Amino acid sequence: VRWNKPVTLVAVSAEEIAVAELLKAHLEQKNISVTLQPETTARDFVKLEINSAAGSHPEGYRLTVNQNGIVIRAGTGAGLFYGVQSFIQLAGADARQIPFVEIEDQPRFSYRGLHLDVGRHMFPVDFIKKYIDLMARFKFNRFHWHLTEDQGWRIEIKKYPKLQQVAAHRNETVVGHAGKSKTYDGTPYGGYHTQDEIKSVVEYARKRFITIIPEIELPGHSQAALAAYPQLGCTGGPYQVATTWGVFENVYCAGKEETFIFLQGVLDEVLELFPSEYIHIGGDECPKTSWKKCKFCQARIKKEKLKDEHELQSYFIQRIEKYLNSKGRQIIGWDEILEGGLAPNATVMSWRGEAGGIEAAKKQHRVIMTPGNWCYFDHYQDTAANEPLAIGGYTPVHEVYSYEPVPPQLSPQQATYILGAQANLWTEYITTPAHAEYMAYPRACALAEVVWSDTKSKDYNTFINRLKANRWLLDDLGVNYAQHIFK
Ligand code: ACM
Ligand code: ZN
């Protein structure tokens, strides 16, 4: 089909119209005039239809292009949206090349995630929305928004104003790699997202069928919060918002009731902002040094008959889980939450390799795979000496593409606990949107295929050829993607 202008989009229900509006915006951007109406006798039309008879998969769709017209049909709004994304891709950079096709498609995994750390460095709301636009284009459906860190607290919590006044700002930032550098820039850095900004991002993502999973780190990676409210630490402080990168010993005191009252107050506002069933509570990299020396923590261990500080961490996580479960939510934690006993309903995000994910799946807990070797997009993607400074590692596009989220150690039944996979973008060494795009793309395109497509057709060379042919999907949105595989 080579269609003539104008194009008619046919949509009837509010949900169909909402998806059609997004397609309309895309076509209009390509200088194609579009009318959106409930029915048509025109020749050049795209019909968007949600119909439960179209298939039972909650994210599947059917796309038909033939001499009679173009029909995108799905059982749900999400499926319809993915059908539209495939249609956009097929129609090409000028949105005018429409081949006859009959496509029936659905994702392999229900959790297809990208993460962004805004604790180490902040990004404008417009960039967060662009990140979401890109995710949508490649059919990701979960955005893990890492909102609190030792170096900055980035979500407005009205009940605790010092999180805005104190925890959101650091005095300066280490220059160069934190493993080697003792130089600081002497420049204050900070900021936070207001609740209004967060609401607008959540709504923007919802329209694109992306659920935002907020992460509020506990008990570790909490030094910025302690700088604001030092009574929440074991020693009472004083603490300062961290100015270098690493793992810090100043963590929430697990013995004081005040800690839990504070965190529940924070989470109450988080739950108001984020409708996601899942709330990420961190759980990684929590040194036990201060707990070992703290009379409150030691009293808690005795009172609760805990064996050691690992069980104290488990107590901490389980208490938070109970609170969130009581509000109808579920927790996700990094794989350290296995240590000292897994909270009964927790989902494990496996980052230190796959062992934690395997253990959790065997214990019949849900798992999201994000092992460093394949899924850490803060790693180097090339060995050239002129790559921008990164934290370390080496994770080129072919490594990402090679990832298989279901480990062979799992039985088919255990494998059903693997919800999917996610790539993480930690931003110690990523200070600008352009650099974030450079690290995320095209590696995210490789992960997008890993989590969507079945493995029968998996082939790196054909993937690269398709990516080359479709690089306009990135150019279209002005993405500063890495060029290595396009040379
Ligand atoms: C992590 O990378 N600390 C989860
Ligand atoms: Zn303590």
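Check the entry above for the structure.
What you see is a predicted model, and the numbers here were worked out from it, not measured in a lab.

Here is what the cut-offs are and how they apply
- Residues numbered from 1 in each chain as written.
- Chains lettered and ligands numbered in written order.
- Predicted model: local features only at pLDDT ≥ 70, side-chain atom pairs only at ≥ 80, totals over all residues.
- Heavy atoms only, no water.
- Helix = DSSP H or I, 4+ residues; strand = E, 2+ residues; numbered from the N terminus.
- Rg over C-alpha atoms; globule rule 2.2 N^0.38 Å.
- Contact = heavy atoms within 4.5 Å.
- Lys, Arg positive; Asp, Glu negative; His and termini not counted.
- Charge placed at Lys NZ, Arg CZ, Asp CG, Glu CD.
- Donors = N, O, S within 2.8 Å, 3.2 Å for Na, K, Ca; no water.
- Tetrahedral: all angles 85-135°; square planar, octahedral: opposite > 155°, others 65-115°.
- Expected span 1.5 Å × (residues − 1).
- Buried < 20%, exposed > 50% of the residue type's maximum accessible area, 1.4 Å probe, protein only.
- Salt bridge = Lys/Arg side-chain N within 4 Å of Asp/Glu carboxyl O.
- Pairing = 2+ DSSP bridges.
- Axes fitted to C-alpha atoms, helices over the stretch in contact; angles between N-to-C directions.
- Parallel < 35°, antiparallel > 145°, perpendicular 65-115°, else oblique.
- Left-handed = near helix turned anticlockwise from the far one by under 90°.
- Nonpolar A, V, L, I, M, F, W, Y, C, P; charged D, E, K, R; others polar.
- Phe/Tyr/Trp six-rings, centres within 6.5 Å; stacked < 30°, edge-to-face > 60°.
- Core = buried A, V, L, I, M, F, W, Y, C linked by side-chain atoms within 4.5 Å.

**Describing the overall build of the protein chain**
Across its full length, the protein chain carries 18 helices and 20 strands. Taking 23 Å as the expected radius of gyration for a compact globule of 487 residues, we find that the protein chain reaches 24 Å, a close match to that expectation. Expressed as lengths along the three principal axes of its C-alpha atoms, the size of the protein chain is roughly 75 × 45 × 45 Å. Of the contacts formed within the protein chain by residues at least 6 apart in sequence, a portion of 71% connects residues at least 24 apart. Of the side-chain charges in the protein chain, 53 are positive and 56 negative, and the distance between the mean point of each set is 1 Å.

**Points about the coordination of the zinc ion (ligand 2)**
Those donors, Cys234 (SG), Cys253 (SG), Cys294 (SG) and Cys297 (SG), are the protein atoms that reach the zinc ion (ligand 2), and they lie 2.3 to 2.4 Å from it. Considering all four donor atoms around the zinc ion (ligand 2), the spread of angles at the metal, 105 to 116 degrees, places the coordination shape in the tetrahedral class.

**What about helix H2 (residues 77-91)?**
Taking 1.5 Å of rise per residue, the 15 residues of H2 would be expected to cover 21 Å, and the 21 Å separating its terminal C-alpha atoms lies within 8% of that figure. Buried residues dominate H2, accounting for 13 of its 15 residues. Looking one or two residues beyond H2, the residue adopting positive phi is Gly92, at roughly 85 degrees.

**Some words on the environment of Val367**
For Val367, the position within the fold is in strand S17 (residues 367-369). A relative accessible area of 0% means that Val367 is categorised as buried. Considered as a pair, Val367 and Arg154 are 213 residues apart in the sequence and their alpha carbons are 27 Å apart.

**As for the pattern of salt bridges**
Summed over all chains, the structure comprises 26 salt bridges. With a shortest N-O distance of 3.0 Å, Arg137 and Asp476 are connected by a salt bridge. Of this pair, Arg137 sits in helix H3 (residues 125-137) while Asp476 sits in the segment after helix H18 (472-475), and the two are 339 residues apart along the sequence. With relative accessibility at 9%, the residue Arg137 sits in the buried group.

**Overview of the sheet that holds strand S15 (residues 330-334)**
Overall, parallel pairing links the eight strands, which are arranged S7-S8-S13-S14-S15-S16-S17-S20 in a closed barrel. Across the sheet, the axes of successive neighbouring strands diverge by a mean angle of 30 degrees, strand direction being ignored. One ladder, built from three bridges, connects S17 with strand S20 (residues 418-423); its direction is parallel. Residue pairing across strands places Met369 opposite Ala421, the latter belonging to S20.

**Some thoughts on the packing of helix H1 (residues 14-29) against H2**
In contact at an axis separation of 10 Å, H1 and H2 are set at 20 degrees when each is read in the N-to-C sense. In terms of orientation, H1 lies roughly parallel with respect to H2. For the pair H1 and H2, the crossing hand works out as right-handed. Counted together, Glu15, Glu16, Val19, Leu22, Leu23 and His26 of H1 and Gly77, Leu80, Phe81, Val84, Phe87 and Ile88 of H2 form the full contact between these two elements. Among the residues forming the contact of H1 with H2, the class breakdown is eight nonpolar, two polar and two charged.

**Overview of unusual backbone geometry**
Residue Pro219 is bonded to the preceding Leu218 through a cis peptide linkage, with omega at -10 degrees. Within the secondary structure, Pro219 sits in the loop between strand S13 (211-218) and helix H6 (223-228). Residue Pro442 follows Tyr441 across a cis peptide bond; omega there is 10 degrees. As for its position among the elements, Pro442 is in the loop between helix H15 (433-440) and helix H16 (443-452). Backbone geometry at Asn31 places phi at a positive 60 degrees, although glycine is not the residue there. Tracing the backbone shows Asn31 in the loop between H1 and strand S2 (34-37). Given a relative accessible area of 60%, Asn31 falls into the exposed group.

**Here we look at the packing of aromatic side chains**
For the structure on display, the rule yields 27 aromatic pairs. Ring geometry for Trp245 versus Tyr429: centroids 6.5 Å apart, planes at 75 degrees, classification edge-to-face. Here Trp245 is found in the loop between H6 and helix H7 (257-273), whereas its partner Tyr429 is found in the loop between S20 and H15, with 184 residues between them in sequence. Tyr429 gets classed as buried once you look at its relative accessible area, which sits at 12%. Each ring, one from Trp351 and one from Tyr376, has its centre 6.2 Å from the other, and the planes form 15 degrees; the classification is stacked.

**A closer look at the nonpolar core**
Core analysis: the biggest nonpolar cluster contains 150 residues, and Leu163 and Tyr441 have the highest contact counts within it. Excluding residues that lie within four positions of it along the chain, Leu163 makes contacts with Trp153, Ile157, Ala168, Ala225, Ala228, Tyr229, Phe262 and Val266. Of all hydrophobic cores here, the second largest spans 11 residues; its members include Tyr111, Met349, Tyr376 and Leu419.

Everything listed is a geometric property; what it means functionally is a separate question.
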